[in-house]
Every structure is written in structure tokens, then in C-alpha cells.
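What follows is each chain in one-letter form.
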Amino acid sequence: MAKEIICVFQDCPLCGDRGRKLKKLIFDKKLNVRKVSFASPEGREFCYQAITEHGIKTMPFFTDGTKYTQTLEEFVAKPTKKKGKKDELAG
């Protein structure tokens, strides 16, 4: 089963053009996304963590409980390998 990603929102995150793009990404990548209102007790805790520990100040934002991001794409992007000094000198 896919890891659950939580979308903390103020207004419906799946409405309008941005919402259509999010729904397509969720469907295409087979993500398990749960919506949580910022006004709920759980949402308030996520908002507190996002602001105080991760510098996120706008909604919607996404979290898996550890990682906090402004975009859902950051959860599906493959990590890139950082080049070391040896790689830079060789190429």
C-alpha cells in the first residue's frame, strides 16, 4: 500500500484548474492523499509544525508527517544525485 500523504487546506484543494492538475497527478501516480481541513484539531497541529519547523506559511501544503512541502510533485519526484568535486572535475 502506498504511503499516505496529507493535504492540509483552507479552500478546496481539488477545485479549479489547480485541482484538476492535482487530481490527475494523484490518479497517474496512484497516490494515497487524504484531505485535512486547517480548522480541524489534526490540521491545526500540522499547520503549527509547518510554520514553526518548516517555514511553510501558505496553504495547501502536503505532508507525510515528516516531510512538509508546498507541492505534491515533491513527493513523487525522484531524488537527484548531487555531484561531488570528483564528478565536477571529471566532467
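Before reading further, recall that the structure is shown in the block above.
Thresholds applied
Residues numbered from 1 in each chain as written. Predicted model: local features only at pLDDT ≥ 70, side-chain atom pairs only at ≥ 80, totals over all residues. Heavy atoms only, no water. Phe/Tyr/Trp six-rings, centres within 6.5 Å; stacked < 30°, edge-to-face > 60°. Lys NZ or Arg CZ within 6 Å of the ring centre and 35° of its normal. Salt bridge = Lys/Arg side-chain N within 4 Å of Asp/Glu carboxyl O. Helix = DSSP H or I, 4+ residues; strand = E, 2+ residues; numbered from the N terminus. Buried < 20%, exposed > 50% of the residue type's maximum accessible area, 1.4 Å probe, protein only.

## Regarding the packing of aromatic side chains
Scanning the model with the defined rule gives one aromatic pair in all. Just above the ring of F75 sits the side chain of K67; from NZ or CZ to the centre is 5.2 Å.

## With respect to the pattern of salt bridges
Should their charged atoms come close, side chains of opposite charge can pair. Going through the model one piece at a time under the given rule, you end up with five salt bridges. Between D64 and K3 there is a salt bridge, with the nearest N and O atoms lying 2.9 Å from each other. Of this pair, D64 sits in the loop between β3 (61-63) and β4 (68-69) while K3 sits in the segment before β1 (4-9); the two residues are 61 residues apart in sequence, bridging distant segments of the chain. On the basis of relative accessibility, which here comes to 55%, the residue K3 falls in the exposed class. A salt bridge links E42 to R34; the shortest N-O distance between them is 2.9 Å. When its relative accessible area of 28% is taken as the criterion, R34 is described as partly exposed. Among the charged side chains, a network of salt bridges with common partners joins E4, R34 and E42.

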